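One-letter residues, chain by chain:
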Amino acid sequence: MKTKHLFYLIGISIFLFSCSSSSPDDVTPPDPDPDPTDKVTYDDDISSIMSNNCTRCHGNPPSQGAPFSLTTFTGVSSRVDRIIARVNSSSNPMPPDGQIELELRQKIEQWKDDGLLEN
């Protein structure tokens, strides 16, 4: 009778140990974006850059010969490549009175790289 209990105990032990696994498939993959607050968004970052550097001409309505407004998410996001090219241009910069700070130009580029997030 003791042998029978021993076999049951061994069988149950094997069953329990086979249910656990150290397989990498069981491990939750790391979050690809552990800190979403690092993302640049239009509402938090880009809107103020546009307001402080662009909308005196690219307002609503545009003035001083500016061909379009940069006062909305859609207006800015649809022209982001042109904006990046112009704010980084040394021969034909925007704004015309000189380049904006490097940190702000990099923030616009990061916004594009992050996927043009609105908020």
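As the structure is a prediction and not an experimental result, all values here were calculated from the model.

Calculation notes
- Residues numbered from 1 in each chain as written.
- Predicted model: local features only at pLDDT ≥ 70, side-chain atom pairs only at ≥ 80, totals over all residues.
- Heavy atoms only, no water.
- Salt bridge = Lys/Arg side-chain N within 4 Å of Asp/Glu carboxyl O.
- Helix = DSSP H or I, 4+ residues; strand = E, 2+ residues; numbered from the N terminus.
- Buried < 20%, exposed > 50% of the residue type's maximum accessible area, 1.4 Å probe, protein only.
- Polar contact = N/O pair within 3.5 Å; in protein donor to acceptor, adjacent residues only side chain to side chain.
- Contact = heavy atoms within 4.5 Å.
- Arc of directions from axis to C-beta.

### Describing the pattern of salt bridges
Part 1 of the argument: On inspection of all chains with the given rule, the structure shows three salt bridges.
Part 2 of the argument: D97 is the salt-bridge partner of R56, the closest N and O atoms lying 3.3 Å from each other. Residue R56 is found in the loop between α2 (42-53) and α3 (73-77), and its partner D97 is found in the loop between α4 (80-88) and α5 (102-113); the two are separated by 41 residues along the sequence.
Part 3 of the argument: Put simply, K112 and D81 hold a salt bridge, and the shortest N to O gap is 2.5 Å. Taken together, the residues span a long stretch of sequence, with K112 in helix α5 and D81 in helix α4 at a distance of 31 residues.
Part 4 of the argument: For D81, a relative accessible area of 47% puts it in the partly exposed group.

### Description of the side chain of S89
Part 1 of the argument: On the secondary structure map, S89 appears in the loop between α4 and α5.
Part 2 of the argument: In terms of polar contacts, S89 uses its side chain to reach the backbone amide nitrogen of N92, at 2.9 Å.

### As for the environment of R82
Part 1 of the argument: Tracing the chain through its elements places R82 in helix α4.
Part 2 of the argument: R82 sits in the partly exposed class, given a relative accessible area of 47%.
Part 3 of the argument: Residues contacting R82, with those up to four places away along its chain left out, are P67 and F68.

### Observations concerning α4
Part 1 of the argument: Among all positions in α4, only V80, I83, I84 and V87 are buried. On an axial view of α4, the arc spanned by its buried residues comes to 100°, and they lie on one face.
Part 2 of the argument: Residues of α4 that are buried sit in contact with α2, α3 and α5.

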